[in-house]
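Listed below are the residues making up each chain.
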Amino acid sequence: MIPLIQLLLILAMVGCGKEEDGNTGLVNPNKPSPKAASEKLITNPIFENAIRRQLKKPGHLELVFPKPAELTKADLEKVTELSLSNNKLTDVKELEKLTQLRDLNLGDNRLTDVTGLEKLMQLTHLYLGGNLMAEPPKGLEKITQLETLDLQQNLLTAVKGLEKLTNLTSLNLDWNQ
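All figures in this text were calculated on a predicted structure; none of them were measured in a lab.

Q: So what about the confidence of the model for the chain? Which residues, and what values?
A: Predicted coordinates in areas of low pLDDT are best not read in detail. Predicted confidence across the chain gives a mean pLDDT of 84, with 75% of residues reaching 70 or more. Taken together, the stretch residues 16–25 has pLDDT below 50 and engages in 10 contacts with residues farther than four places along the chain or on a different chain.

Q: I'd like to hear about unusual backbone geometry, residue by residue, with values.
A: Even without being glycine, lysine 56 reaches a positive phi, approximately 60°. By the element assignment, lysine 56 lies in the loop between helix H3 (45–55) and helix H4 (73–78). Even without glycine at this site, glutamine 153 takes up a positive phi of about 50°. As for its position among the elements, glutamine 153 is in the loop between strand S4 (148–150) and strand S5 (170–172). Taking the relative accessible area as the measure of exposure, glutamine 153 reaches 41% and is therefore partly exposed.

Q: Tell me about the pattern of salt bridges, and name the residues and values.
A: What the rule picks out here adds up to six salt bridges. Of the charged contacts in the structure, one is a salt bridge between glutamate 48 and arginine 52, with a shortest N-O distance of 2.9 Å. Of this pair, glutamate 48 and arginine 52 both sit in helix H3, four residues apart, roughly one helical turn. Like glutamate 48, the residue arginine 52 is buried in the burial classification. For glutamate 135, the salt bridge goes to lysine 138, with nearest N and O atoms at 2.1 Å.

So, how was this worked out
Residues numbered from 1 in each chain as written. Predicted model: local features only at pLDDT ≥ 70, side-chain atom pairs only at ≥ 80, totals over all residues. Heavy atoms only, no water. pLDDT = per-residue confidence, 0-100. Contact = heavy atoms within 4.5 Å. Helix = DSSP H or I, 4+ residues; strand = E, 2+ residues; numbered from the N terminus. Buried < 20%, exposed > 50% of the residue type's maximum accessible area, 1.4 Å probe, protein only. Salt bridge = Lys/Arg side-chain N within 4 Å of Asp/Glu carboxyl O.

Here it is as structure tokens:
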């Protein structure tokens, strides 16, 4: 009888987790609570490492103790240049959070679509050569600051919409269809 009372007291003291964070009280390192997962602004580790290199902030691939702090919105606003070439990328979701980005290199990946980049209104140089795009990215005409656009070595057969980029001083369309 006494062990049963002790067990009930232990359960009462420990509890079953808080309802607001979705935690059941059981620790599962492979499934963080929804609250913890929503705090991470950049979830793609390739993007995160490139951003950390640009900001000169230690990352999770380096020996850092204690664990490095998560990237903040203020951190993301400091990034003006980013190179993500040769990473076998197939999407660029999350890059739209880099609102001050001026120079972006996405060359030599596996991109067919770069939806979201049209939100990067500060872009002046965009390198998309060596990808798998069959048409120019939709929405690029919204980036009125764009001066350099590299679309070489893609699968382009037409380039409609690029005529609206009136600030372009360099356009590379070599080695397309």
